[in-house]
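# Observations on the model geometry
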Amino acid sequence: TRCANLNPLAYDRIKKATAELLGVSTGALDKAVRAAQKDLQDDESATPFDDVEPHPHPINPAALLSEISDTVRRFIILEREQADICALWVAFTHFVEVVHVAPLLIITAPEAACGKSQLRDLLARMVARPLNTNNMKAATLFRIAEKWHPSLMLDEVDLMLKSDDDLSNLINAGHHRGASQV
């Protein structure tokens, strides 16, 4: 079930080691994962996202935001203000259901290989319901967004937007609750 909930690339990364751990061939594991995925699809209440348990005690929001910001700066080279913005956006994703306008976090850099994808991957470990959408078609994304309200973790968006008007429309209108209809 754990493997069935992974996106295809994440599953591919752990497939061989998982098969060895379970003492089965990768083909047998693939078959079991497909069956588990079918079971998950049949269960309408199932989501591809981990359930997050609320902290049992009140927290200090300022301390939590500082810790998130420090974590970002530990792994990514950027200004403190930029890390603070990332922390605020991470926190926001956990409250998206109660706002009318959702800010888009757009990560840019002056040249290639500056850590944009690494920052996206780090933030995906902290946001609510992260969904990596590389090479996803707009129709699929519309359905997923309507059903689960994920935090979309897009990479190389400039290339996707040039080739897909529907995806461009979804992103441009999707940050405002009243502006986007699926």
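Residues numbered from 1 in each chain as written. Predicted model: local features only at pLDDT ≥ 70, side-chain atom pairs only at ≥ 80, totals over all residues. Heavy atoms only, no water.

## Section: helix α4 (residues 80-93)
Its 14 residues place the ends of α4 20 Å apart at the C-alpha level, agreeing with the 20 Å of an ideal helix rising 1.5 Å per residue. A83, C86, A87, W89, V90, F92 and T93 are the residues of α4 that are buried. (Helix = DSSP H or I, 4+ residues; strand = E, 2+ residues; numbered from the N terminus. Expected span 1.5 Å × (residues − 1). Buried < 20%, exposed > 50% of the residue type's maximum accessible area, 1.4 Å probe, protein only.)

## So, the pattern of salt bridges
All chains considered together, the criterion is met by 5 salt bridges. Between D12 and K15 there is a salt bridge, with the nearest N and O atoms lying 3.9 Å from each other. Within this pair, D12 and its partner K15 are both found in helix α1 (residues 8-22), separated by 3 residues, close to a single helical turn. Taking relative accessible area as the criterion, D12 reaches 49% and is therefore assigned partly exposed. Judged by relative accessible area, which is 19%, K15 ranks as buried. R120 is the salt-bridge partner of D121, the closest N and O atoms lying 2.8 Å from each other. The structure contains a network of salt bridges with shared partners spanning D12, K15 and D30. (Salt bridge = Lys/Arg side-chain N within 4 Å of Asp/Glu carboxyl O.)

## Topic: the environment of T93
Note that T93 resides in helix α4. A relative accessible area of 4% places T93 in the buried class. In this structure, the C-alpha to C-alpha distance between T93 and P130, residues 37 residues apart in sequence, is 9.2 Å.

## A short note on the nonpolar core
Where a protein is soluble and globular, its nonpolar side chains tend to be buried together. Core analysis: the biggest nonpolar cluster contains 18 residues, and V72, L119, L123 and M126 have the highest contact counts within it. At the level of elements, α3 (61-75), α4 and α5 (116-124) are the ones that each hand at least two residues to this core. Broken down by element, the residue count for this core peaks at 6 residues, all from α4. Counting 9 residues, the second largest nonpolar core, distinct from the first, contains L131, M136, L167 and L170. (Core = buried A, V, L, I, M, F, W, Y, C linked by side-chain atoms within 4.5 Å.)

## Considering the packing of α3 against α5
How two helices sit against one another is set out by the angle between their axes and by the gap between those axes. Where α3 contacts α5, the axes come no closer than 11 Å and their chain directions differ by 145 degrees. α3 and α5 meet at a crossing whose hand is right-handed. Residues T71, V72 and F75 of α3 form the contact with α5, whose own contacting residues are L119, L122 and L123. When its residues are assigned to classes, the contact of α3 with α5 shows 5 nonpolar, 1 polar and no charged. (Axes fitted to C-alpha atoms, helices over the stretch in contact; angles between N-to-C directions. Left-handed = near helix turned anticlockwise from the far one by under 90°. Contact = heavy atoms within 4.5 Å. Nonpolar A, V, L, I, M, F, W, Y, C, P; charged D, E, K, R; others polar.)

## Comments concerning the environment of H55
Tracing the backbone shows H55 in the loop between α2 (26-42) and α3. A relative accessible area of 53% means that H55 is categorised as exposed. Polar side-chain contacts of H55 include one of 2.9 Å to the backbone oxygen of H57. (Polar contact = N/O pair within 3.5 Å; in protein donor to acceptor, adjacent residues only side chain to side chain.)

## Here we look at a nonpolar patch on the surface
Side chains of L21, L22 and V24 sit close together on the surface and give an oily, nonpolar patch of about 320 Å² of accessible area. For V24, the location among the structural elements is in the loop between α1 and α2. (Patch = residues over 30% accessible without salt bridge, like charges linked within 9 Å, V, L, I, M, F, W, Y side chains within 5 Å. Areas by Shrake-Rupley, 256 points an atom, 1.4 Å probe, with all protein chains shown as cover.)

Distances and angles like these do not, on their own, reveal function.
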